[in-house]
Every structure is written in structure tokens, then in C-alpha cells.
Amino acid sequence: MPTVAALRRVVDDLAASSHAMGELMLEVAPAYLSDSEAADVLALLCEQIGELREHGFATRRYAMSGDRRALHGTVL
């Protein structure tokens, strides 16, 4: 049975990889673009890498804010 500490490490690892993905999203759709302005380019990128668009937007918001709540309901 996994310990709470082990589960926290898993969540931390998932958050770290989500942040890295968010940085990729920001490379193609910089933070100065609104979600609606970024939608087309993010949709294309997400399709190419096999990621759900909602996850792409969530990781982009997380990379901009550093707030894990941006991932709630999508990635975490």
C-alpha cells in the first residue's frame, strides 16, 4: 500500500511534467495571447502530440501562474 509521502511524490512528478508541457504551450501560444487567441494554435499542437486541448490549456495556465489549482479537474 502506497504511503501518503509516496503519493505526494507522484503528484509532484505529475505537476512538474505538467509545468514542462505548459512551457511548451507557452512557446507556441505566449502568455500575452488570450485563451481565444491561442485556441487555434493550441488545438493544432495538442492534436499533433496527442493531448486533450483542455489539458493543454490547463498546463499553459499552470506554467503562467505556478498555481496547481489550474490543473484541477483536468490533469490532477
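One structure accompanies this document, and this report is about it. (Residues numbered from 1 in each chain as written. Predicted model: local features only at pLDDT ≥ 70, side-chain atom pairs only at ≥ 80, totals over all residues. Heavy atoms only, no water.)

So, helix H2 (residues 35-49)
By the largest-angle criterion, valine 41 marks the main kink of H2, which is about 35 degrees. Residues of H2 that are buried include every one of Ala38, Ala39, Leu42, Leu45 and Cys46, and no others. (Bend = angle between axes of the 7 residues up to and from the residue. Helix = DSSP H or I, 4+ residues; strand = E, 2+ residues; numbered from the N terminus. Buried < 20%, exposed > 50% of the residue type's maximum accessible area, 1.4 Å probe, protein only.)

Structural notes on the packing of helix H1 (residues 4-28) against helix H3 (residues 53-65)
Where H1 meets H3, the axes come as close as 7 Å, and the angle between the chain directions of the two elements is 95 degrees. With respect to each other, H1 and H3 are oriented roughly perpendicular. Note on element contacts: H3 touches H1 through Gly56, Thr59, Arg60, Tyr62, Ala63 and Met64, opposite Ala15, Ser18, His19, Met21, Gly22, Glu23, Met25 and Leu26. Broken down by class, the residue content of the contact of H1 with H3 amounts to seven nonpolar, five polar and two charged. (Axes fitted to C-alpha atoms, helices over the stretch in contact; angles between N-to-C directions. Parallel < 35°, antiparallel > 145°, perpendicular 65-115°, else oblique. Contact = heavy atoms within 4.5 Å. Nonpolar A, V, L, I, M, F, W, Y, C, P; charged D, E, K, R; others polar.)

What about the pattern of salt bridges?
Counted under the stated rule, the structure contains three salt bridges. In this structure, the salt-bridge partner of aspartate 35 is arginine 60, at a minimum N-O distance of 3.1 Å. Highlighted residues: aspartate 35 in helix H2 and arginine 60 in helix H3, separated in sequence by 25 residues. By relative accessible area, aspartate 35 is classed as partly exposed at 36%. Relative accessible area serves as the criterion here: at 0%, arginine 60 is assigned to the buried category. Residue arginine 69 pairs with aspartate 67 through a salt bridge whose shortest N-O separation is 2.6 Å. Look at aspartate 67 and you get partly exposed, because its relative accessible area is 26%. (Salt bridge = Lys/Arg side-chain N within 4 Å of Asp/Glu carboxyl O.)

Some words on the nonpolar core
Generally speaking, soluble globular proteins have nonpolar side chains that are buried together. Counting eight residues, the largest nonpolar core consists of Met25, Ala29, Ala38, Ala39, Leu42, Leu45, Cys46 and Phe57. A per-element tally of this core places H2 first, with five residues. When near neighbours in sequence (up to four residues on either side) are disregarded, methionine 25 contacts Leu42, Leu45, Cys46, Ile49, Gly56, Thr59 and Arg60. Judged by nonpolar contacts, the second largest core, of five residues, contains Ala15, Ala58, Tyr62 and Ala70. (Core = buried A, V, L, I, M, F, W, Y, C linked by side-chain atoms within 4.5 Å.)

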